[in-house]
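Residue strings, one per chain:
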Amino acid sequence: MESNSQECSIKNLIEEFNFKSHSNYKLIILLGLLGDFDSLEYAINLKNYSENYPNKNLDFFAVAIGNEKGKEKFCKFTGFPEKNLKVVSDNKIHSNLKVSEGINIGLGGWINMLIMLSGINSLRTIKEVIRGYTGDRNAKQIFSETDRFEISKFIKFSGNSFKYAFGSGYLRPFELATLRLRNMIEIIKNWDDYILNIQYLPQRTASFILNDKNEVIYKYFSKDVLGYSSKMDNPLRFLSEVCK
């Protein structure tokens, strides 16, 4: 019964936000706040995926907690298409679809988020943070030699730095941590536009793939910070596995 109710809610969401597609598959994502680490990283990965592995059988759409000003900045920073992103002011849609709200001990969003970042009720988070610094031989590199970074006015370097220090062809040490640092700086710079309400800081994500009949054929509910995929070493692998 829950599965049928969920599918009905997804169909209503598609109608409400006009997520129409002529492709065989639709990826519908419920993000937390626009300024959540997972939201930015997930969107960047989708943008890169669409550029490097164009799939005419797949369209992707997202709903996030935020406002129109934050949406504009989010899409400019991540490359996620504005027309495919809708913003809402609360997490009612998330609750209707049984998406995890994260931990809530009654002391506010900041405390709840810090507890999750420490690994409590978010068991994969610490492992994922460490992986960002140590690298991962089973994951792909993020930056090319021509990429340029400006962490601050005084810290500038290129993707060549990772090649010279650690080689290439895999996720190098500090590479993922650098991406996340850039995302964090973007959030801090635009805090008021990205963080609509701090009570939603712990809100997690969910992903649904629907076929051309709007039947849910894949779903994943995140419970952890930095856990928007079941396989974080290749977070979008499920797309090539399901959307054939």
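This report concerns the structure included in the present document.

### What about the overall build of the protein chain?
Line of reasoning, step 1. When helices and strands are counted, the protein chain shows 10 helices and 7 strands.
Line of reasoning, step 2. Taken over the C-alpha trace, the protein chain has a radius of gyration of 18 Å; the compact-globule value for 244 residues is 18 Å, and the two agree within 12%.
Line of reasoning, step 3. Across its three principal directions, the C-alpha atoms of the protein chain cover 55 × 45 × 35 Å.
Line of reasoning, step 4. Within the protein chain, buried positions represent 49% of all 244 residues.
Line of reasoning, step 5. In the protein chain, the proportion of contacts linking residues at least 24 apart, taken out of those at least 6 apart, comes to 69%.
Line of reasoning, step 6. Within the structure as shown, the protein chain displays about 12600 Å² of accessible surface, and the carbon and sulfur contribution to it stands at 51%.

### A word on the sheet that holds strand 6 (residues 206-210)
Two strands in a sheet stick together by hydrogen bonds in their backbones, pointing the same way (parallel) or opposite ways (antiparallel).
Line of reasoning, step 1. Within the open sheet, the 5 strands sit side by side as 3-2-1-6-7. Their pairing is mixed. Among the strands making up the open sheet, the edge pair consists of strand 3 (85-88) and strand 7 (216-221). Across the sheet, the axes of successive neighbouring strands diverge by a mean angle of 15 degrees, strand direction being ignored.
Line of reasoning, step 2. Two elements, strand 6 and strand 7, share 5 bridges in a ladder whose sense is antiparallel.

### A look at the pattern of salt bridges
Line of reasoning, step 1. Summed over the entire model, instances satisfying the criterion amount to 11 salt bridges.
Line of reasoning, step 2. Glu-241 is paired through a salt bridge with Lys-231; the nearest N and O atoms lie 3.7 Å apart. You can see Glu-241 sitting in helix 10 (residues 237-242) and its partner Lys-231 sitting in the loop between strand 7 and helix 10, a full 10 residues away along the chain.
Line of reasoning, step 3. By relative accessible area, Lys-231 is classed as partly exposed at 33%.
Line of reasoning, step 4. It is possible to trace a salt-bridge network through shared partners that takes in Glu-41, Glu-128, Arg-131, Asp-136 and Arg-180.

### What to know about the packing of aromatic side chains
Line of reasoning, step 1. For the coordinates displayed, the defined rule picks out 10 aromatic pairs.
Line of reasoning, step 2. Seen from their ring centres, Trp-110 and Trp-191 are 5.5 Å apart, and the 5 degrees between their planes marks the pair as stacked. Here Trp-110, found in helix 5 (residues 109-117), pairs with Trp-191, found in helix 9 (residues 191-194); they are 81 residues apart in sequence, far enough to count as distant.
Line of reasoning, step 3. By relative accessible area, Trp-110 is classed as partly exposed at 44%.

### Some thoughts on the packing of helix 2 (residues 37-52) against helix 8 (residues 175-189)
Line of reasoning, step 1. Where helix 2 meets helix 8, the axes come as close as 10 Å, and the angle between the chain directions of the two elements is 120 degrees. The angle between helix 2 and helix 8 falls in the class oblique. The chirality of how helix 2 crosses helix 8 is right-handed. Mapping the contact onto sequence places Phe-37, Leu-40, Glu-41 and Ile-44 in helix 2 and Leu-176, Leu-179, Arg-180, Asn-183, Met-184 and Ile-187 in helix 8.
Line of reasoning, step 2. For the contact of helix 2 with helix 8, the residue count by class is 7 nonpolar, 1 polar and 2 charged.

The rules behind each value
Residues numbered from 1 in each chain as written. Predicted model: local features only at pLDDT ≥ 70, side-chain atom pairs only at ≥ 80, totals over all residues. Heavy atoms only, no water. Helix = DSSP H or I, 4+ residues; strand = E, 2+ residues; numbered from the N terminus. Rg over C-alpha atoms; globule rule 2.2 N^0.38 Å. Buried < 20%, exposed > 50% of the residue type's maximum accessible area, 1.4 Å probe, protein only. Contact = heavy atoms within 4.5 Å. Areas by Shrake-Rupley, 256 points an atom, 1.4 Å probe, with all protein chains shown as cover. Pairing = 2+ DSSP bridges. Axes fitted to C-alpha atoms, helices over the stretch in contact; angles between N-to-C directions. Salt bridge = Lys/Arg side-chain N within 4 Å of Asp/Glu carboxyl O. Phe/Tyr/Trp six-rings, centres within 6.5 Å; stacked < 30°, edge-to-face > 60°. Parallel < 35°, antiparallel > 145°, perpendicular 65-115°, else oblique. Left-handed = near helix turned anticlockwise from the far one by under 90°. Nonpolar A, V, L, I, M, F, W, Y, C, P; charged D, E, K, R; others polar.

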